[in-house]
Amino acid sequence: MSEQINTHPKDCSLSRRDFLKLSGAAGAATAFLGALPKVNEVMAGGNEQAAYTLALAENQIYTVCQQCNTQCGLKVKLLDGVIAKVDGNPYNPFNMVPHVAYETPITDMAKTEGALCPKGQASIQTTYDPYRLVKVVKRKPGTPRGGGEWVTMDFDTALTEIIEGGDLFGEGPVEGLKDIYALRDSKVAQAMSDFVKKILAEKDKDKKAALVKEFKTTFAKDLDKLIDPDHPDFGPKNNQLLFFWGRLKGGRSDFISRVIGSGFGTTNRIGHTTVCNGSVYFAGKAMSEQFVEGKWADGKKFYWQVDSANSQFIIFIGVNPFEASQGPTNRSPRITTGLVERGLKYVVVDPRLSKTASKAWKWLPNIPGSEGALALALIQQVLQNNKHNVKFLENANKAAASADKEPTWSNASWLIKIDEKGEAGKFLRGSDLGLEPEERQKADGSGTWLFDPFVTLRGDQTITFDPNAVEPEFTAEGDLLVDTTVNGIRVKSSLQLLWESANSKTLDEWAEISGLRASDIAEVAAEFTNYGRRAAAEPHRGASQHSNGFYNIVAWNSLNLLIGNYDYAGGMTTGFAYDHTGSKDGQPFNLGKLTNGKTTPFGINIVRSEVKYEDSTLFAQDGYPAKRQWYPLASDIYQEILTSAADGYPYPIKAAFIYMGAPTYSLPAGHTNIEILRDPKKIPLVVANDILIGETSMYADYIFPDLSNLERWEMAGIQFSMPWKVMPVRNPAVAPLVDEVTVFGQQMPCSLEALLLGIAEKLELPGVGPGGLGDAGDLMHPDHFYLKMVANLAFGDKKPDAEKKEPGELLPDADDEEVRIFTEARRFLPPSVFDLERWRASAGDEWWRKVVYVLNRGGRFQDYAKAFDGTKLKNKYGKQINLYQEKTVGVKNALTGEHYQGLAVYLPGPFDLSGKPIQDSAEYDLRLITHREVYHTKARTITNYWLLALSPENSVQLNSLDAARLGLKNDDVVKIVSATNPEGEWDFGAAVGKRPIAGKVKIIEGLRPGVVTFSLGHGHWATGSTDVVIDGALIKGDPRRVKGIHANAAMRTDPIFPDMCLTDPVGASAVFYDTMVKVEKM
Amino acid sequence: MATKKFDIKKSWNAALFILIALALLGGGLSGLIGRFQTGHEQVGYGSNVPWGLWVAIYVYLVWLEVGSVLIFTTLHYVFDFKSLKAIKGLAYLTAFTTLAPALMLIGLDLGHPFRFMNTITSPNFGSFMAWMIWLHLIYLVFLLVKLALVVLANRSRKPERLNKALKVLALLSLPVGVALLGTVGSIFGANSARSFWQMSALPLYFLIFALVAGSGLVTALFVCFAPKSEESYAATAGNLGKLTLALLIFGAMASAFSGLISLNSNAPAQANAIQMIVAGPQQWTFWALYIGLGVLVPSILLFVWPKATRVIGIAASLVFVSFAAVPFNIIIAGQTADTLTGADAFTGFGLQLGYAPTMLEWQVVAFALGVGLAIFLTGYYLLPMRKLEMEG
Amino acid sequence: MAQEPKDVLVRMHEELQRALEKAPEDRRWVMVIDLRKCVGCHACTIACVAENKLPPGVVYRPVLEKETGIYPNVTRSFLPKPCMQCDEPPCTPVCPVYATYKDENGVVVMDYDQCIGCRACIIACPYSARTFDFGKTYNDNMPEMAGVIVGQKVADDYERAATYEYGDERRRLNRKDSPVGNVRKCHFCLHRLKEGMLPACTTTCIGRATYFGDANDPDSLVADLITSSNVMRLKEELGTQPRVYYLV
Ligand SMILES: Nc1nc2c(c(=O)[nH]1)N[C@H]1C(S)=C(S)[C@@H](COP(=O)(O)OP(=O)(O)OC[C@H]3O[C@@H](n4cnc5c(=O)[nH]c(N)nc54)[C@H](O)[C@@H]3O)O[C@H]1N2
Ligand SMILES: Nc1nc2c(c(=O)[nH]1)N[C@H]1C(S)=C(S)[C@@H](COP(=O)(O)OP(=O)(O)OC[C@H]3O[C@@H](n4cnc5c(=O)[nH]c(N)nc54)[C@H](O)[C@@H]3O)O[C@H]1N2
Ligand code: SF4
Ligand code: SF4
Ligand code: SF4
Ligand code: SF4
Ligand code: SF4
Ligand SMILES: [Mo]
């Protein structure tokens, strides 16, 4: 059934010439042939003068890069169906500054290309990787996980095994998905889900117990579908299917949600956020929580970044926009042009002299982990010198902000109640002043809620207000620094609390903590307030991936609030996407709703995110401390996934699917995940979807080959530093190199989609298959889904309104020429991928030409000027920003029962998950950090030989003072050991064995003494670096891929949870930079 | 001193030499095949040190080829060293012997050996390389004609006219030889990009070194092959030894001075180059081969036993053999990195900074020398020049 | 709001079309590299490798990196280094066979079919701008297991695909045909220029540090830049008259 799609003519110069003759391009081609400069005639030698066919639009397909997470636009240039070159997409704001007008005909752009970083340029090599898998492989029965022995397997057989289970590996019976898919009745699922919500919401212990009892009687005949009927909040057995991922973008995420979520009904669909920049996201979420019908809700998992193209002064904290930071390609030109043409000044806070730091006005090599301290020092200086934007900060609600034409407002002037111990708690409310709460209608008409207003103080007048009031008469402005008693209640304003936090240390003390000079700090503070709103501070991983990461980020965001730069050009912005899911009014396909049924997932997820421990039924049973930590303010807690599953807390996992992630490699202390995966008793079935045998998939039982990013679909999304509304569309640019398989009777390449559709077909999951899209028809082929998304994009987020004379965002039709080019350009794609009729039918005739219009441009991109509105940004966050987070204060550490703090504070790290400081012995005398080089990404670019030519091997970088102290020379081989990895070793399992965490020394000056660092991307043990055996035949590893060091295994585990890295309890960041290590010469 | 002399005419000697030739050919053959099969994929030179062992040996062979003939012709025809007549044919034969491996090595060094003809069909006379090739070819023609004349003269009953022509040709070829050496030197010395070569008045040094190596070769040839019976034998050998010693010391002093100047000239590239020679990874070629075996040992030998013909022969042989290290040192060192190379900026085959010849390169050299030796033996045994010599 | 009306890439692209209307001898291609904007990303290096399918060991435009100073007074600098297209090139006169010469575009070109591969020009170039093609491919010695993994034969397709240097279509199908065995160098992407396309290193430059154009066009960006006071050229003292300028 399976056959390789690969169409790789080694010599089809003929076919190209035929094509030239046939297509209208021949004219163009011969035209330039005639106009050859003389040199080429002279030099032609024996070779005939050749047409540079890469310059023809017919040989170009616009898609999206995924070498790193930035997702820049690509123009893929094809030669006989082989990718000959990739360049940047000129329509895409990531590749050009400004990008060209969206309406520009694609023929005009055939010879224009945007920029790409070196990884983008090398992305050809990710697709053309000799080690990529073409066929499904299964762990050879009788061999252990990680044993490096595989057998190939037909796609359908492999699927059947996974679904049916049985004695798959000669190790005894393995439960198949059909058994895990226990709860299948959609009505019951919905009813149970609603009931469980009630149970969780019940605060009273006894009433909760009663509810559980009631649940058991209500659903008596379906209790066998639950993981544990005594804990209905664990949800159905379906939750024992875990589907987790590393890098996932729109489109595919919707596919997974549909099949695994509303189809299969598991709540355990978990991403990698916390390994990346978790606390940046969750600080963003906490600070963006809005007051919605009496509760703090709608906090967005998102963050802000600087609109660097328009800024005059930037502080970059632990972020490296020239080499990483979601985008060297998009961010570098904006900053360098700023430097040379606009007099941009910037500061880099980084213990390491990054390439960004090398051009900084000031490089502040702080002590790792002191980022919050530095932010508070700056806050102190700004407030002390009265340089904060008083007018902005005094606005207490939307009405006040609107009156000042401010897009955002804060709660700086809101009053907070202070308890006897002097601790800040809840906001002062109208009811505290004796006002009767007001009954209001819920927006969805489902009932009423009680509005209890907030309070601010003006002089000695209390003002009560609604944060969301818009009418001018409800404008609320208050004093900023308040410490008083109102109605007998001790209160302080948010800003007062911040001021106190910032003054908990003197400037000199802050300087001491951060290892910097007080004079530098004062200078930076003075400069920061010199540019109005066109200044900003942007923290990222170097600030967030600490045990105090959440508060570090909150502190820097608070500094920005002091100058009110959110939604201003040159200030803080965030990302804006065209909606591909169709949820906007008028969009053609509302994919969230279009379905023929669903299994509503419910229950606490395996990493216990977005739920309070105290609300669970476990709390009544276990009390404090909880067996493992809970994370009500975060989600997608990567480091907790496999460790919790192995621990069976809150419940065991029976089958795990992993997509495009390598936690064993990417997590701090990732070696702990290897140990878990190697033991089939912990998780009996592990299935990976990967393009090759990777650092984590090598421990799987089955690997289903995936399409590379140049062969597949994805709605690649936004980056937060880009103020335009965008949706780059990844779409197939080249014939897939993997097997072709049949699902639902349709030919398609083996891929994530094929795997998901295959599962759906075999289990007859709702929302998939014939009629799966409800009124919109079948979902039997990926095209059925993705082309509808593109149609949504073509429609835009606003429908045209003839009456109001609003044009909406509807795109024009592609003209005949564009349709012709579109089709010609895809002539090398096999019918299983590109079938004109199927595509057209999937999108609908009405939308087809608009879809072509979008795909011809690699997605949809708002025009350059549309993002700006005078000094402000047109696309706005436009809401309240919490200086003080009441919701955060309401959350308790599940290990101690102590509540978290609700504003910027400095917590000296590192500490464990209970908040207890960690002090390793003095022999561990160097602080280990890690960084990115512009030419490598994590577990992936090791396959790109062009990039390896730039740096065949990374190194252990030390300052010369430390090197001298330790008697180390360049190129000495050293081992990195830490308190939790005293052997300094990785244990990769049966096939690869143990290897020391070792690399070569490189002595540099651009690193704070006392700190040691290594770059991300080397030190591989899979991904083609090591021998594997498939069907008994040896596939030799490539020695080029094994070089260098990956020191994540030296990163510290939590003293309470030795199976997991240190973790920020609030923002859930995996901690990368808080380990003390010893560097030993080998 | 014992009168028993090393004598190649003895059959076991012949066998030994044939064995050596066969060993060189046999040992080198797989390298040669490898060179044709894999092109330049198994070599140690690269883009930062583009010229390696083969070019060095080529230069060395040219020194021998031209130097020996220069010395011979000057002494014999200009200064009228009559007794050198005995090795007239041999001198030309050895010169020719060195020419073959030289051309072979330089040919194999090319990226496209078969395009060698381009240098004939479309030469750029603005380039020293083109001049070198042409001069070398002219020189080759001279040599062949001279060799032919010697052979003819040996056969002829009345060789006077032929010998006269030979003399004229020999004198005429003197400037060609000097020009060839100068051109080869200029190929290196005229590179403003390589200050080490530029600084060291290379063409002149090439001439000096060629004379040293050449005199060593001529002396060795004379000691070996000239009829010992002749009364002038010992005296001539002694004089040749003195000449060799003088040239040797002159050459060593001159290069030492230039080295010292370079080291102190505030020119880091040059100092680096010298460093590379005396302390680099291939320093043994400098210290052991050139200074030790090439200068110190022969100087001592020649100084202590100025009259012992056998010692002179050994010393002279040492000089001309170990001089192979000299062009190697000069050439590799001159290509040591300067600041713009950026070897770290991009890595890959041939982009490393240093140079060490690979097995394949050594094998090809061995094969080429084997070919040279085979030509010599063939010429020596088959051409009628031995007769003359035996007859005196 | 100071907003650039056009990406310099677009501006230079337009200027290029203007320049192409002139006779070759009336225009003067130059490259200007603004070291203040170069972020040391090496994208130009890789773009050039990709455009010209350069094999291992061949590089036209490495970016040199240097760290200077002592902690905490340290800085790093980056020097992208294409061929300088010297107006007095020391590399061409040494060629015994006229295989490399300055063409009418002012670009020092290679005639691959004429070049004998003697490497004298590498020796002569003071900028190490030339490298030798040893005949390798990046996918040498990769595994093969048809139907199971992609394998070398398919994986190296892109390395064997045609290149268009100097307007010639060449595929790397064996280890003997040119440009294997030749010296190779940056050619200012003549094959793209003639198409009206900027050099590959220029369009990919994420620091927008690389400018290209006709210095004879007084309205061009490059003409403007090379008259600024902070302009310099490498090893000016050698008299090579580079056509690559640096802004410092
Ligand atoms: N030392 C150190 N470690 C770090 C970081 C660091 O700075 N230093 N950074 C961290 C950050 S920010 C992040 S985001 C994480 C990322 O960590 P992960 O999300 O775990 O991602 P990757 O390591 O990129 O792993 C991706 C895996 O997916 C597979 N893969 C590659 N391409 C495809 C594809 O097209 N389809 C499928 N299905 N699979 C594919 C590969 O086998 C690869 O192993 O790493 C973190 N780890
Ligand atoms: N080249 C490349 N680009 C990428 C990626 C990639 O893998 N490679 N991945 C993408 C992804 S997923 C992400 S999340 C982003 C990450 O983008 P960044 O956050 O910008 O990247 P990092 O290199 O992880 O960290 C930034 C800097 O933090 C510094 N740092 C380390 N420890 C500390 C510390 O304790 N304090 C302070 N102040 N600084 C510290 C490092 O030296 C480094 O220079 O990059 C994206 N872009
Ligand atoms: S920054 Fe580079 S690697 Fe990342 S998406 Fe953009 S081009 Fe690709
Ligand atoms: S390598 Fe080629 S171009 Fe260079 S000098 Fe020799 S023949 Fe000329
Ligand atoms: S930089 Fe080198 S290769 Fe380029 S023209 Fe100048 S001398 Fe020739
Ligand atoms: S101009 Fe073209 S050939 Fe020269 S470095 Fe740039 S990309 Fe390479
Ligand atoms: S692409 Fe531009 S910024 Fe990057 S290294 Fe090259 S010149 Fe510098
Ligand atoms: Mo990330």
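These remarks concern the structure in this document. Remember, predicted model here, so these are calculated numbers, not experimental data. (Residues numbered from 1 in each chain as written. Chains lettered and ligands numbered in written order. Predicted model: local features only at pLDDT ≥ 70, side-chain atom pairs only at ≥ 80, totals over all residues. Heavy atoms only, no water.)

1. Observations regarding the overall build of chain B
Phase 1: Each helix and strand in chain B was counted, giving 15 helices and zero strands.
Phase 2: Here the C-alpha coordinates of chain B stretch approximately 70 × 45 × 40 Å along the principal axes.
Phase 3: Within chain B, the fraction of its 392 residues that count as buried is 58%.
Phase 4: For chain B, restricting intrachain contacts to residue pairs at least 6 apart in sequence, the fraction spanning at least 24 positions comes to 80%. (Helix = DSSP H or I, 4+ residues; strand = E, 2+ residues; numbered from the N terminus. Buried < 20%, exposed > 50% of the residue type's maximum accessible area, 1.4 Å probe, protein only. Contact = heavy atoms within 4.5 Å.)

2. Quick notes on the interface of chain A and chain C
Phase 1: Across the contact, 108 residues belong to chain A and 86 residues belong to chain C.
Phase 2: Together, the buried faces of chain A and chain C total about 7,900 Å²; carbon and sulfur atoms form 59% of this surface.
Phase 3: Linking chain A with chain C are four salt bridges, by the criterion used here.
Phase 4: Between R171 of chain C and D80 of chain A there is a salt bridge; the shortest N-O distance is 3.0 Å.
Phase 5: The element contributing the most residues to the side of chain A that touches chain C is helix α13 (residues 328-342) of chain A, with 10 residues.
Phase 6: Looking at the side of chain A that touches chain C, its residues break down into 55 nonpolar, 27 polar and 26 charged. (Buried area = accessible area lost by both parts, 1.4 Å probe. Salt bridge = Lys/Arg side-chain N within 4 Å of Asp/Glu carboxyl O. Nonpolar A, V, L, I, M, F, W, Y, C, P; charged D, E, K, R; others polar.)

3. Focus on the sheet that holds strand β14 (residues 313-317) of chain A
Residues and elements named next belong to chain A.
Phase 1: Pairing within the open sheet is parallel, and its four strands lie in the order β16-β15-β14-β26. Of all the strands in the sheet, the pair left with one neighbour each is β16 (362-364) and β26 (535-539). Between one strand and the next, the sheet's axes are offset by a mean angle of 15°, whatever the strand orientation.
Phase 2: Relative to strand β15 (residues 345-349), β14 is paired through five bridges, and the arrangement is parallel. Directly across from F313, in β15, lies its bridge partner K345. (Pairing = 2+ DSSP bridges. Axes fitted to C-alpha atoms, helices over the stretch in contact; angles between N-to-C directions.)

4. Some details on the environment of I606 of chain A
Residue and element names in this part refer to chain A.
Phase 1: Turning to its location among the elements, I606 is positioned in the loop between β28 (576-577) and α22 (617-622).
Phase 2: Distance in space between the C-alpha atoms of I606 and D739 is 34 Å, their sequence separation being 133 residues.
Phase 3: For I606, the contacting residues outside a window of four places in its chain are L242, N268, I270, I641, S644, A645, Y649, P650, Y651 and I653.

5. Comments concerning the site of ligand 7
Phase 1: For ligand 7, the set of nearby residues contains 13 residues, the closest of which are C38, C41, H42, C44 and C205 of chain C.
Phase 2: Considering only residue class, the shell around ligand 7 consists of eight nonpolar, four polar and one charged. (Near = heavy atom within 4 Å.)

6. Focus on the interface of chain B and chain C
Phase 1: Of the residues lining the interface, 43 residues belong to chain B; the matching set on chain C comes to 55 residues.
Phase 2: Carbon and sulfur atoms make up 58% of the surface buried where chain B meets chain C, a total of about 3,600 Å² over both sides.
Phase 3: The interface formed by chain B and chain C includes three salt bridges.
Phase 4: R119 of chain C serves as the salt-bridge partner of D109 of chain B, at 2.8 Å between the closest nitrogen and oxygen.
Phase 5: Between the two partners, chain B and chain C, sit 24 residue pairs in polar contact (both at pLDDT 80 or more).
Phase 6: The set of elements that each furnish at least two residues to the side of chain B that touches chain C consists of α1 (11-38), α4 (118-121) and α5 (128-155) of chain B.
Phase 7: Counted by class, the side of chain B that touches chain C contains 17 nonpolar, 21 polar and five charged residues. (Polar contact = N/O pair within 3.5 Å; in protein donor to acceptor, adjacent residues only side chain to side chain.)

7. So, the nonpolar core
Phase 1: With 544 residues, the main nonpolar core has L177, I315 and I1030 of chain A together with F188 and F323 of chain B as its most contacted residues.
Phase 2: The leading source of residues in this core is helix α2 (residues 53-78) of chain B, at 19 residues.
Phase 3: What F323 of chain B contacts, discounting residues up to four positions off in sequence, is Y60, W63, F209, V212, A213, L248, Y290 and L318 of chain B.
Phase 4: Listed in part, the 10 residues of the second largest apolar core include A50, Y52 and L54 of chain A together with M197 of chain C. (Core = buried A, V, L, I, M, F, W, Y, C linked by side-chain atoms within 4.5 Å.)

8. Some remarks on the pairing of strand β40 (residues 926-931) of chain A
Residues and elements named next belong to chain A.
Phase 1: The buried fraction of β40 is high, at six of six residues.
Phase 2: Going residue by residue along β40, you find L926, L928 and T930 tucked away on one face and R927, I929 and H931 tucked away on the opposite face as well.
Phase 3: Pairing analysis gives five bridges linking β40 to strand β46 (residues 1011-1015), with the strands arranged parallel. In the strand pairing of β46, I929 is matched with T1013.

9. A few points about the environment of P830 of chain A
Phase 1: Relative to the helices and strands, P830 of chain A is located in the loop between α28 (816-825) and α29 (836-843).
Phase 2: It is 9.4 Å that separates the C-alpha atoms of P830 of chain A and M748 of chain A, two residues lying 82 residues apart in sequence.

10. Digging into the pattern of salt bridges
Phase 1: The full count for this structure, using the stated rule, is 100 salt bridges over all chains.
Phase 2: Between K969 of chain A and D972 of chain A there is a salt bridge; the shortest N-O distance is 3.5 Å.
Phase 3: Looking at K969 of chain A, the relative accessible area reads 51%, which means it is exposed.
Phase 4: Between D87 of chain C and K102 of chain C there is a salt bridge, and its shortest N-O distance comes to 3.0 Å. Of this pair, D87 of chain C sits in the loop between β3 (73-80) and β4 (100-102) while K102 of chain C sits in strand β4, and the two are 15 residues apart along the sequence.
Phase 5: Judged by its relative accessible area of 23%, D87 of chain C falls in the partly exposed class.
Phase 6: Put simply, K77, K85, D87 and E113 of chain A together with E51 and R192 of chain C are held in one network by salt bridges that share partners.

11. With respect to the site of ligand 1
All names here are of chain A.
Phase 1: Taken together, the neighbourhood of ligand 1 is formed by 31 residues, with H272, A662, S666, D690 and N1048 sitting nearest.
Phase 2: Take Y638: an N or O atom from its side chain is 2.9 Å from an oxygen atom of ligand 1.
Phase 3: At a separation of 2.9 Å, a nitrogen atom of ligand 1 approaches a polar backbone atom of N689.
Phase 4: Notes on ligand 1: free accessible area 910 Å², of which the protein chains cover 98%.
Phase 5: Secondary structure elements with two or more residues in the shell around ligand 1: α11 (273-276), α24 (663-666) and β30 (685-690).
Phase 6: A breakdown of the residues in the shell around ligand 1 according to their chemical character gives 14 nonpolar, nine polar and eight charged. (Areas by Shrake-Rupley, 256 points an atom, 1.4 Å probe, with all protein chains shown as cover.)

12. Considering the packing of aromatic side chains
Phase 1: For the structure shown, the criterion picks out 96 aromatic pairs over all chains.
Phase 2: Relative to Y102 of chain A, the ring of Y91 of chain A lies with its centre 6.4 Å away and its plane at 75°, an arrangement referred to as edge-to-face. Linking Y91 of chain A in the loop between β4 (82-88) and α4 (118-121) with Y102 of chain A in the loop between β4 and α4, this pair joins segments that are 11 residues apart in sequence.
Phase 3: Using a relative accessible area of 0% as the deciding quantity, one classes Y91 of chain A as buried.
Phase 4: A ring pair is formed by F188 of chain C and F212 of chain C, whose centres lie 5.0 Å apart and whose planes are at 90°; its orientation type is edge-to-face. In this pair, F188 of chain C is assigned in the loop between β7 (183-185) and α6 (190-193) and F212 of chain C in strand β8 (residues 210-214), connecting sequence segments 24 residues apart. Residues F188 of chain C and F212 of chain C agree in their burial class; the two are buried.
Phase 5: Through successive ring pairs, a cluster of aromatic residues spans W51, W63, F188, W197, Y205, F206, F209, F286, W287, Y290 and F323 of chain B.
Phase 6: In this structure, K788 of chain A packs its charged tip against the face of F589 of chain A, placed 5.5 Å from the ring centre.
Phase 7: Positioned above the aromatic ring of F349 of chain B, the side-chain terminus of K136 of chain C is 4.1 Å from the ring centre. (Phe/Tyr/Trp six-rings, centres within 6.5 Å; stacked < 30°, edge-to-face > 60°. Lys NZ or Arg CZ within 6 Å of the ring centre and 35° of its normal.)

13. Quick notes on the layout of surface pockets
Phase 1: Counted as a void, the second largest pocket has a volume near 1,500 Å³.
Phase 2: Lining the second largest pocket are 46 residues, with K1002 of chain A, D344 and A345 of chain B together with E65 and K66 of chain C positioned closest to its centre.
Phase 3: Taken together, the residues of the lining of the second largest pocket break down into 19 nonpolar, 13 polar and 14 charged. (1 Å grid on protein atoms, 1.4 Å probe; cavity = no way out; pocket = protein on both sides within 12 Å on 5 of 7 lines; lining within 4 Å. Points joined across faces, edges and corners; volume = space filled by probe spheres on them.)

14. Quick word on the side chain of T696 of chain A
Residues and elements named next belong to chain A.
Phase 1: Structurally, the position occupied by T696 is in the loop between β30 and β31 (702-705).
Phase 2: Judged by relative accessible area, T696 falls into the buried class, the value being 4%.
Phase 3: If sequence neighbours within four positions are ignored, T696 has contacts with I658, G661, A662, P663, T664, Y665 and L677.

Everything listed here is a matter of geometry and, on its own, says nothing about what the molecule does.
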